[in-house]
Structures are given as structure tokens and as C-alpha cells.
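What follows is the residue order along each chain.
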Amino acid sequence: MRVIGLMSGTSADGVDAALVELQGAPPFLRWRLLQHTFVPYPPELRAELFACFQPAQGTVDRLCALNVALGEFFAEAALRCMNDAQLDADAVDLIGSHGQTLWHIPGRATLQLGEASVIAERTGVPVVSNFRARDIAAGGQGAPLVAYVDVLLLSHPTLARTALNVGGIANFTYLPPTTSNEQPFAFDSGPGNVLIDAAVQRLTKGAWLFDRGGSISASAQPDLVLLEELLQHPYFRQPPPKTTGRELFGTALVDEIWQKALQRGLSGERVVATLTLLTARTIAEAHHRFLPRLPKQVLVSGGGVRNATLMRWLAELLAPAEVLPTDAVGLPAAAKEAIAFAVLAYETWHGRPGNLPSATGARRAVILGQITPASQRARRLASSQLTEAVNPDTVHIDCLPTPALVAVINAEDQKVAQAVAEQSEAIARAIDAIAERMRAGGRLVYVGAGTSGRLGVLDASEIPPTFNMPPERVIGLIAGGDAALRRALEGAEDDASQGEADVEALHIGARDCVFGISASGSTPYVLAALKAARQRGALTVGLTCNPETPLHQVASIVIAPLVGPEVITGSTRMKSGTATKLVLNTISTGVMIRLGKTFGNLMVDVQPTNAKLRRRAVRIVAAACGVREDEASVLLERCGGETKVAIVSHLAQCSPERARRVLEAHEGSVRRALHALTGRDPCEA
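The structure displayed is predicted, hence computed values, not measured ones.

About the criteria used
- Residues numbered from 1 in each chain as written.
- Predicted model: local features only at pLDDT ≥ 70, side-chain atom pairs only at ≥ 80, totals over all residues.
- Heavy atoms only, no water.
- Axes fitted to C-alpha atoms, helices over the stretch in contact; angles between N-to-C directions.
- Helix = DSSP H or I, 4+ residues; strand = E, 2+ residues; numbered from the N terminus.
- Parallel < 35°, antiparallel > 145°, perpendicular 65-115°, else oblique.
- Left-handed = near helix turned anticlockwise from the far one by under 90°.
- Contact = heavy atoms within 4.5 Å.
- Nonpolar A, V, L, I, M, F, W, Y, C, P; charged D, E, K, R; others polar.
- Phe/Tyr/Trp six-rings, centres within 6.5 Å; stacked < 30°, edge-to-face > 60°.
- Buried < 20%, exposed > 50% of the residue type's maximum accessible area, 1.4 Å probe, protein only.
- Salt bridge = Lys/Arg side-chain N within 4 Å of Asp/Glu carboxyl O.
- Patch = residues over 30% accessible without salt bridge, like charges linked within 9 Å, V, L, I, M, F, W, Y side chains within 5 Å.
- Areas by Shrake-Rupley, 256 points an atom, 1.4 Å probe, with all protein chains shown as cover.
- Lys, Arg positive; Asp, Glu negative; His and termini not counted.
- Charge placed at Lys NZ, Arg CZ, Asp CG, Glu CD.
- Arc of directions from axis to C-beta.
- Pairing = 2+ DSSP bridges.
- Core = buried A, V, L, I, M, F, W, Y, C linked by side-chain atoms within 4.5 Å.

(A) Structural context of the packing of helix α1 (residues 43–52) against helix α2 (residues 60–84). Between α1 and α2, whose axes approach to 11 Å, the crossing angle comes to 140°. As judged from the angle between their axes, α1 and α2 are oblique. For the crossing formed where α1 meets α2, the hand is left-handed. The residues of α2 that touch α1, namely those facing Leu45, Glu48, Leu49, Ala51 and Cys52, are Arg62, Leu63, Leu66, Ala69, Leu70 and Phe73. Here the residues of the contact of α1 with α2 are counted per class, giving nine nonpolar, no polar and two charged.

In C-alpha cells form, the structure reads like this:
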């Protein structure tokens, strides 16, 4: 995929846009920077932004308008990046926009502006945004999120490193050697450039926005008394996980420092030098205070890399660690944060978590952000055959070493469970509707072709031995008949007349359910079977892995887990097949539970027709009744080998004959029979 990452940090000087080509999945993620473009904020937008940083001035009307204005500007930055790369929007698959942080309350709330809908509408590209909110919802600080990407891109097999970003706020990720048992973690050490930049703007009356090359701080001596006073701020001693921003280290603090400096006769240059040393000292002291050991390398990114004075002081304070820009290891320092949000968007798009709980303090790893589709692409998506599309993450799978190949397939498979989970409501509706008809004597008939048909037949064949359901009550039909179970019969799936004939042969009626399975949603055999069943008044349920298919038009309930393009293009035996198996297992098991075929999670309808099943029946009765297996064996023998009768007879303290009659009166449900006999609801026990 080609993904643009958009980033504007605490310094709020403009937007970095990084166009990144991404392939594979962690830990074998491959990336290549195609273009980096920086677009500075125009003076009027930056002035409004800084006004809204102040709570008293950031009124709701101003924030509302600023959100849209920033969205327009972020979109412009993305379009400029495309133009610089000589690409149009159709060549870009996704945008990841961090937005501009206006306020951050660690662990409680966070606000990034830059309306994603505007970006999507202007560029025609889907957008992932609002990354931090989900980590906070999971109990985290909401930052630093780049730690996840640091681990992916900058970890070393034998060297301990820190990935230090000196933006407005300084944060770093501790990266132990990948061969060690140590865990990476990250936190904000305190101010990066935010205080330095504000002091420089005061000193130069806005002529300079930052200390160019560190020349101002190099021209004066820091005031050590003021420095020691600033180092007493409680944030610096607070242990990680922690994060901060302008709410602690913003304009108000600079105003206070500036006034103190004037009262003591300090020059503006000395204030800038002192604040630069403050940044270096807090970064270095955080390394010494909170890390298990000093790293061998400190890899620096962000605007601070351009401040030679800051870099020199960092090298002195962190010695013997080697202080290097990330460019030295192949990751452009100026583009790193934007690259990171391209990677995080890529992970979100593929349904994978993007936070590092050891960095943010979250209870668990979570999928970050919100996806805003682009309208044109959304329409194309709805009409496309996802199962037949080319998967951009596996186009070079034949070039991968075997461990990486396995990892890529596994990463694709992990999307299946989430896609099925998103269909939970439809699956539940199907379970209840099928159970209602089967309770009235109806049948469940699976209809499919190829892999879909085989999976339907498999599920149908497993229900009788598992739940003692008569085989004529759950039936599997496959295009081409039983011969198609062992070998592919080309053309069978296209035979619509046979689908209709197979339904007719079963004399389908209003109490039955015909369950059509078609990964594509357009298999003629399945569609014809569903149409015929619908005409006969049966419940029709459809299972597909594509959106808006012909199957949607003929099924009363549609289950559509969108697992995306297959690992091998069009091979629906893979992700689509896995999704089908998960759905069928859930539905048939759920229906059997609703029909009283279980007691708790015990298969109480087992019929002990052989030695293995007799042993299983003994174990089930022992578990359900809380007795020893020898007692359960005697109990079963007294009840004619009937598992349910034995359980009800023992728990309700009644004769086997009475237990049998009450079970028959309550459709074989152990719980309902016990309720009738004891007056107690076993579910409340």
C-alpha cells in the first residue's frame, strides 16, 4: 500500500507529509519512503492556532472553525506531497492524519483538530485519524504512540538504543536488543523545542520561529541558578508511563520564566541558552533515572536535530552513548513522525493494534483511530468483488523466506475473527430464527458450491453425532452432488436449475431454513436454491464475504464478514473459508444450545452407543451432578443410559420415569425440566 502520513507536532510550525510504500506485517514489515514534503502554516492560521492554545481564547466557535481550516490545510499538504511524488490520488491508498493537538489531559482526554472528512473529500483518499483517543479509552496516556513504530523500525539485535524525538515535546523509546528478554517502553521526558521556540520568538519579536542551527543558544552562557529552579518541576521526577504537552510546558510557563529572567537582569540570549540546556538535561536525566541501563546509541529525530547546540549538549550529557540522527540508520529524521503515522494508519486499516501498552500504560493493545472513507472509493468498494481483488500486502509473498511467508499468512488470518465479530448481530438473528423453525419441526439445509459447499456438508455431518440430532434435520447440499466433495466439478456451481431442483427434491416448506453459502455472493446454484426456498415460504439465510451482492437480494438474513482480498488472489479456501467455518460453527452450535442440546457447556444429548461414548456419558453425568464417575455410572444404568434423564433425576431428586416425562414436556431441555421440577432457575444458581 501507498500511505501518506500527516503530522504536526507541539511546535505547530507546519505539516510534515510522508508518502510511504508499505508491505507485509509486523515483525516483517517492509517500508520505503517515496516522498517527504513539509508545508509551513501560513502566519494567519498559525496565529489562530496559538490563540486557541489558550483556554480563555479557544472558545467553541473558534475551535469549530479551526477544525475545518486545519482539515483543509492537512488536505493541501497531502496533495502537495502527491504532486511532489508525481502521483495522483488514485495511486495513494490511504492517509493517516495525526492532526494538530490543541489540548491533552494524559490518561483522561485528548483533542486533535484537522477534520478527517475534509481531508477525505478533498483528496479522494480514505483517512485514518484520531489515533490517541482509543489508547486513552483503554487506560493509556494516549502517547507516545510513535513507540510502536520505533520498535518496528529501529530495534537492533544486539544494541540497546533509544529513539529520541525532539519535537515541541521530547519523548524517547527504550529499545532493548531484540535478542534480550527486556521489554521496550517509552515516555515524554518533558519540553523539547516548545520553550526554546517561544523564547526565540520573544527575543526576535517574531522574526525567527526557532533557534536556527542553535546559533542563539551558542552565543550565551546558560544561567545555572534559573536552570536548577526549572529542574524542580515535579513532572521530571514523575515515573513513566507519562506524557505531557503545552498544558504544562506552554506559553504561560515561558511568560513566567521571561519575567523572572528580566528581574534578574538576564539577557534574552541567556534565557534561550538556559531553556536549551533544560531540554538536554531533562532528556539525559530521564535516561539515567528511568532506564535499566544507558543505551549504546541514542537515535534523534524531530526539529531538535537541526539545533547543533542542543545536539552537542546531548552528546556530552549522554556519553558514552553515541548520539546520532536517525538518518544514520536509514530513517530520515525530519520525516520520522510522519512516517510513523503512515505506519499506524496501515496497521489500523489491516485491523491490527498500533499502541505499545508498555509505553502508554494502556491495559491492552488496541486498534487505533477512526476510518473516514472517501466517497468515490466507498462506491467502488461496494461494487467490487473483494474476494477476487489483488491483496497488496502479499504480492511478493513468493519472494519471502518461509518464516516471513508464514507470518504474512497468519497476519491475514487474524483479520478473519474481527470480520466475523462485526457480524455478531446478524449471526444472533440467524440463530434465533433457525432455532424457532427447528423447534417447530423444521430443517436446516446448507447450500453451497466448492469450498463453501464442502464446509456446509461438513457442518451438517458433524451435528448428528455431537448433539444427537437426526441426520435428516440438518442437511448439506453441494453443487455437483457427493462427487464434488472429493474433487472439483467445474461448471457445477453455474447450474442454477440444479439448485432449484435440489430444493424441490427436499420438499422445502415454511418451517425450514435454507442457508446459502457463497464467498462471492453470486454463485448461480446457491442463488437459485435460495429463490426456490423463498417462494416456498422458507427462511433464507445467506453467507458471503463481499458487500452488496446478489445474495443480499434473495436472503432474509445476510451475514457478510468482509475479510478482504485473499492471500492468494481468488483462493477463497483461505480467509473466506476460515470465516465460513467460524460462522457455521457458531450458528449450528448456537441453534443446538437454543434447542436444549446442552446443559451448561456439556453435550448432554450424547447417546452411549459405543464404549467411547459410554465413557463420555459417564463423565458428563459426573460433571453435571457433581458426583464421582462410579456413582455416575450407576445413575446412568438406573436411567437406561439416558444422559439427560440421569442428570434431571439426580438433581431434582425424582424417579427416572418422572424425569423422562418432564423432559419430554419441555422439549428435552434440562434447564427447563429442572425449573419445572424444583421451581428454581438453574441459570441463577
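Here the narrative resumes.
(B) Main features of the packing of aromatic side chains. Summed over the entire model, instances satisfying the criterion amount to 11 aromatic pairs. Measuring from ring centre to ring centre gives 5.2 Å for Phe131 and Phe341, while their planes differ by 70°; the resulting arrangement is edge-to-face. Remark: Phe341 occurs in helix α12 (residues 336–349) and Phe131 occurs in the loop between β6 (127–129) and α4 (132–137); sequence separation between them is 210 residues. Grouping residues by exposure puts Phe131 and Phe341 together as buried.

(C) View of unusual backbone geometry. At the junction of Ala143 and Pro144, the peptide bond is cis and its omega measures out at -10° in the coordinates. Among the secondary structure elements, Pro144 is positioned in the loop between α4 and α5 (146–154). Residue Pro241 is bonded to the preceding Pro240 through a cis peptide linkage, with omega at 5°. The phi torsion at Asn130 lies on the positive side, around 55°, for a residue other than glycine.

(D) Looking closely at the pattern of salt bridges. Applying the stated criterion to the full structure yields 25 salt bridges. For Arg443, the salt bridge identified is with Asp512, shortest N-O distance 2.9 Å. Of this pair, Arg443 sits in the loop between α16 (424–439) and β13 (444–448) while Asp512 sits in the loop between α18 (496–505) and β15 (513–517), and the two are 69 residues apart along the sequence. Here Arg443 matches Asp512 in class, with each residue buried. What you see here is one network of salt bridges that share partners, running through Asp223, Arg264 and Arg270.

(E) Structural detail: a positive patch on the surface. Together, Lys612, Arg614, Arg615 and Arg619 line one region of the surface with positive charge. Of note, Lys612 is situated in helix α22 (residues 611–625).

(F) Here's a closer look at the environment of Leu651. Inspection of the secondary structure puts Leu651 in helix α24 (residues 643–652). Taking relative accessible area as the criterion, Leu651 reaches 31% and is therefore assigned partly exposed. Sequence-wise, Leu651 and Thr678 are 27 residues apart; in three dimensions their C-alpha atoms are separated by 9.0 Å. Residues in contact with Leu651, not counting those within four places in the same chain, are Phe599, Ala624, Cys625 and Leu674.

(G) Representation of α18 within the structure. The complete set of buried residues in α18 reads Gly499, Asp502 and Val503. Down the axis of α18, the sector holding all buried residues measures 95°, keeping them to one side. Opposite the packed face of α18, turned more than 90 degrees from it, sit the exposed residues Ser497 and Ala505. On the buried face of α18, the contacting elements are β14 (474–478) and α19 (524–535). Where α18 ends, the next residue or the one after it, His507, has phi of about 55°, a positive value.

(H) Representation of the sheet that holds strand β8 (residues 169–175) in the model. Strand order in the open sheet made by the five strands is β9-β8-β7-β10-β11, with mixed pairing throughout. Lying at the two open borders of the sheet, with one neighbouring strand each, are β9 (185–191) and β11 (322–325). Direction aside, the axes of adjacent strands within the sheet are offset by 25° on average.

(I) Highlighting the nonpolar core. Leu164, Leu195, Leu275, Leu278 and Leu314 are the most contacted members of the largest nonpolar core, which totals 49 residues. Those residues in contact with Leu278, other than ones at most four positions away along the chain, are Pro191, Leu195, Leu227, Leu230, Leu231 and Phe236.

(J) Expanded view of the sheet that holds β13. Pairing is parallel across the open sheet formed by five strands, whose spatial order is β14-β13-β15-β16-β17. Looking along the sheet, the strands with just one partner apiece sit at the ends: β14 and β17 (557–559). With direction set aside, neighbouring strand axes in the sheet form an average angle of 20°. Note that β15 and strand β16 (residues 539–543) share five bridges and pair parallel. For Cys513, the partnering residue across the bridge sits in β16 and is Leu539.

(K) Spatial organisation of the packing of helix α6 (residues 194–203) against helix α9 (residues 251–263). It is at 10 Å that the axes of α6 and α9 come closest, and there the two elements cross at 55°. Considering the angle they form, α6 stands oblique to α9. Where α6 crosses over α9, the handedness of that crossing is right-handed. Two secondary-structure elements touch here, α6 through Leu195, Ala198, Ala199, Arg202 and Leu203 and α9 through Leu253, Val254, Asp255 and Trp258. In terms of residue class, the contact of α6 with α9 is made up of seven nonpolar, no polar and two charged.

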